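Each chain, letter by letter, is given below.
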Amino acid sequence: MATMVSNSLTKKSEPAVNSPTQVIGGHGIDSYSNNSSYQKLAANVVKKKIEDAIMMKLDVASFSSTSNIIRLADFGCGVGSNTITAMHDILEFVKKKYMSQCPASQMPEFQVIFNDQSTNDFNTLFTSLPQDKEYMVAGVPGSFHDQVLPKSSLHLAHCSYSLHWLSKLPKELQDKHSPAWNKGRIHYTSAPQEVLNAYATQFAEDLDNFLNARAQEIVSGGMMVIVGSSIPDGMSYSQVVNGLMYNCMGSILMDMVKTGSINEAELDAFNLPIYACPPGEFTEGVERNGLFTVEVIELMNPAPWLKGPIDIPVFVKHVRAAMEGMFSKHFSREDIDELFNQLVPRLSQISQQMKSCDRDGLQLFAILKRK
């Protein structure tokens, strides 16, 4: 399950989608697989809601009448055990629904498909699979903005903390003649409205492509579970923890320009391809696409367990594991070390402000059903 930290961290080619090129693979001390506990905790928040949705809204009997195998897929699976745990849980919910709906029938076979970019560390992912798994496994590389599975072959799709990654940066961000030129910043946080609009437009296009691709793959009546980074309608991104962090990152990089560590053109060419879509925009996008119905949509607190101050060094370590690969496409290893080394004291200076940020309503939970 792909990236983001606590209330979500988490490239296709430039700067690309569903996360694998920026996460650190393998099993090293700085790897994503060893620094993704926040993501696992955030995913656990929605576990009961996914079970409820499957029990109430998924008609598994209709699937078994046309196929003796039920297929599930995780889009933007990332590296490590989080995706395996999530898909195991969902599979158990589907089995439970099947036993309640078809008590006299033999349990069908199951296949779980893990999808992410071709650069994802699938080797590490598959070494985390349990030996006693009761399902067949397939890894399918490719951008989830395109169709990656055969038509009408999929019954339930899962996508967690992946959709916030844009397939590409809006070209206006680097156009000196555009009102959306994002000079001196690395994100739409604290940027002019034109910059935010450019991000939102690109996300809307990506969401439409994602829905079109899934509509080809998911059978009629099939379900899609989407969990991800969000923000209440009308709230400024500068009011959330990640927004504060992105501002600090931009400030550190600007200081590095002043000291000559990096040049100004390098900074101006770099923008984070991350968009936290508010639920209103998300619903509008799904309804405009017209291929799915919105069965459930709500905003949640992704970190209800976080009662005290944020552990800044641990937080930054998770952030680096998730995002270092993206920075490495633009900056040297030494510059990246300096950025993250400085990020700890910078965030520590505003730790009270980070603590006071509203943590409610920063995780989107949506259930879509294929028409």
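Residues numbered from 1 in each chain as written. Predicted model: local features only at pLDDT ≥ 70, side-chain atom pairs only at ≥ 80, totals over all residues. Heavy atoms only, no water.

- You'll find the protein chain entered in an unreviewed UniProt entry as Probable S-adenosylmethionine-dependent methyltransferase At5g37970, with Theobroma cacao given as the organism.

1. Notes on the overall build of the protein chain
Right, on to step 1. Assigned secondary structure in the protein chain consists of 12 helices and 7 strands.
Right, on to step 2. With the model as given, the accessible surface of the protein chain reaches about 14,400 Å², and the carbon-plus-sulfur share is 50%. (Helix = DSSP H or I, 4+ residues; strand = E, 2+ residues; numbered from the N terminus. Areas by Shrake-Rupley, 256 points an atom, 1.4 Å probe, with all protein chains shown as cover.)

2. A word on helix α7 (residues 241-259)
Right, on to step 1. In a regular helix each residue adds 1.5 Å, so 19 residues correspond to 27 Å; α7 covers 27 Å between its end C-alpha atoms and thus fits that length.
Right, on to step 2. Directly after α7, the chain includes G260, whose backbone phi takes a positive value near 85 degrees. (Expected span 1.5 Å × (residues − 1).)

3. A closer look at the sheet that holds strand β3 (residues 136-141)
Sheets are built from strands that pair by backbone hydrogen bonding, the pairs being arranged parallel or antiparallel.
Right, on to step 1. With respect to topology, 7 strands assemble into an open sheet ordered β3-β2-β1-β4-β5-β7-β6, the strand pairing being mixed. Each having just a single partner strand, β3 and β6 (292-300) make up the two edges of the open sheet. Strand-to-strand twist across the sheet, computed as the mean angle between neighbouring axes with direction ignored, equals 15 degrees.
Right, on to step 2. Across the sheet, helix α4 (residues 81-101) is in contact with β1 (69-75), β2 (109-116) and β4 (154-160); its angle to β1 comes to roughly 150 degrees.
Right, on to step 3. This element, helix α9 (residues 279-289), spans β5 (218-229), β6 and β7 (363-370) of the sheet and lies at about 175 degrees to β6. (Pairing = 2+ DSSP bridges. Axes fitted to C-alpha atoms, helices over the stretch in contact; angles between N-to-C directions. Contact = heavy atoms within 4.5 Å.)

4. Regarding the packing of helix α6 (residues 193-217) against α9
Right, on to step 1. Where α6 meets α9, the axes come as close as 10 Å, and the angle between the chain directions of the two elements is 45 degrees. Considered as vectors, α6 and α9 are oriented oblique to each other. Relative to α9, the crossing made by α6 is right-handed. Together, A200, A204, L207, D208, L211 and N212 of α6 and E281, F282, G285, V286, R288 and N289 of α9 make up the contact between the two elements. (Parallel < 35°, antiparallel > 145°, perpendicular 65-115°, else oblique. Left-handed = near helix turned anticlockwise from the far one by under 90°.)

5. Here's the deal with the layout of surface pockets
To find leftover empty space, one rolls a probe the size of a water molecule over the atoms.
Right, on to step 1. Taken as a whole, the largest pocket spans an internal volume of roughly 250 Å³.
Right, on to step 2. Forming the boundary of the largest pocket are 17 residues, of which Y188, L196, M235, S236 and Y237 lie nearest the centre.
Right, on to step 3. Among the residues making up the lining of the largest pocket, the classes are represented as 11 nonpolar, 5 polar and 1 charged. (1 Å grid on protein atoms, 1.4 Å probe; cavity = no way out; pocket = protein on both sides within 12 Å on 5 of 7 lines; lining within 4 Å. Points joined across faces, edges and corners; volume = space filled by probe spheres on them. Nonpolar A, V, L, I, M, F, W, Y, C, P; charged D, E, K, R; others polar.)

6. Observations concerning the packing of aromatic side chains
Right, on to step 1. Overall, the coordinates contain 12 aromatic pairs when judged by the stated rule.
Right, on to step 2. When the centroid spacing of 5.2 Å and the interplanar angle of 75 degrees are considered together, the rings of F144 and F210 count as edge-to-face. Pair noted here: F144 is in the loop between β3 and β4 and F210 is in helix α6, with a separation of 66 residues, a long-range link. In terms of burial, F144 and F210 fall into one category: buried.
Right, on to step 3. Measuring from ring centre to ring centre gives 5.5 Å for Y188 and Y237, while their planes differ by 45 degrees; the resulting arrangement is tilted. (Phe/Tyr/Trp six-rings, centres within 6.5 Å; stacked < 30°, edge-to-face > 60°. Buried < 20%, exposed > 50% of the residue type's maximum accessible area, 1.4 Å probe, protein only.)

7. Here we look at the pairing of β4
Right, on to step 1. Burial within β4 is extensive, with 7 of its 7 residues counted as buried.
Right, on to step 2. Here 3 bridges tie β1 to β4, and the two strands are oriented parallel to one another. Directly across from L72, in β4, lies its bridge partner L156.

8. Overview of the side chain of Q111
Right, on to step 1. Take Q111: it is sitting in strand β2.
Right, on to step 2. There is a polar contact of 2.9 Å between the side chain of Q111 and the side chain of R71.
Right, on to step 3. Apart from the residues within four sequence positions on either side, Q111 is in contact with I69, I70, R71, L72, M136 and A138. (Polar contact = N/O pair within 3.5 Å; in protein donor to acceptor, adjacent residues only side chain to side chain.)

9. Brief notes about the nonpolar core
Right, on to step 1. Grouped together as the largest cluster of nonpolar side chains are 76 residues, with contacts concentrated most on M249, F282, M323 and F327.
Right, on to step 2. When residues in this core are grouped by element, the largest group, 10 residues, is from α7.
Right, on to step 3. If we ignore the near neighbours within four places in the chain, the residues touching F327 are M249, F270, L272, I336, L339 and F340. (Core = buried A, V, L, I, M, F, W, Y, C linked by side-chain atoms within 4.5 Å.)

10. Points about unusual backbone geometry
Right, on to step 1. Despite not being glycine, S152 shows a phi value in the positive range, around 50 degrees.
Right, on to step 2. Here the phi dihedral of S190 falls at roughly 60 degrees; this positive angle occurs in a residue that is not glycine.
Right, on to step 3. Summarising the element assignment, S190 is placed in the loop between β4 and α6.

11. With respect to the pattern of salt bridges
Any two side chains of opposite charge can pair, given that their charged atoms come close.
Right, on to step 1. Inspection of every chain in the model, using the stated rule, returns 15 salt bridges.
Right, on to step 2. Between K49 and E298 there is a salt bridge, and its shortest N-O distance comes to 3.3 Å. Here K49, found in helix α2 (residues 47-57), pairs with E298, found in strand β6; they are 249 residues apart in sequence, far enough to count as distant.
Right, on to step 3. On the accessibility criterion, K49 (30% relative accessible area) is partly exposed.
Right, on to step 4. Two residues, D337 and R333, come together in a salt bridge whose shortest N-O distance is 3.3 Å. Pair noted here: D337 and R333 are both in helix α11 (residues 333-349), with a separation of 4 residues, about one helical turn. (Salt bridge = Lys/Arg side-chain N within 4 Å of Asp/Glu carboxyl O.)

12. Topic: the packing of α7 against helix α10 (residues 312-328)
The axes of two packed helices give the description: the angle between them and the distance between them.
Right, on to step 1. At a minimum axis distance of 13 Å, the contact between α7 and α10 shows a crossing angle of 60 degrees. One finds that α7 runs oblique with respect to α10. Of the two elements, α7 crosses α10, and the hand of that crossing is right-handed. Contact with α7, carried on its side by V241, N242, M245, Y246 and M249, involves F315, V319, M323 and F327 of α10 and no other residues of that element.
Right, on to step 2. When the residues that make up the contact of α7 with α10 are grouped by side-chain class, the tally is 8 nonpolar, 1 polar and no charged.

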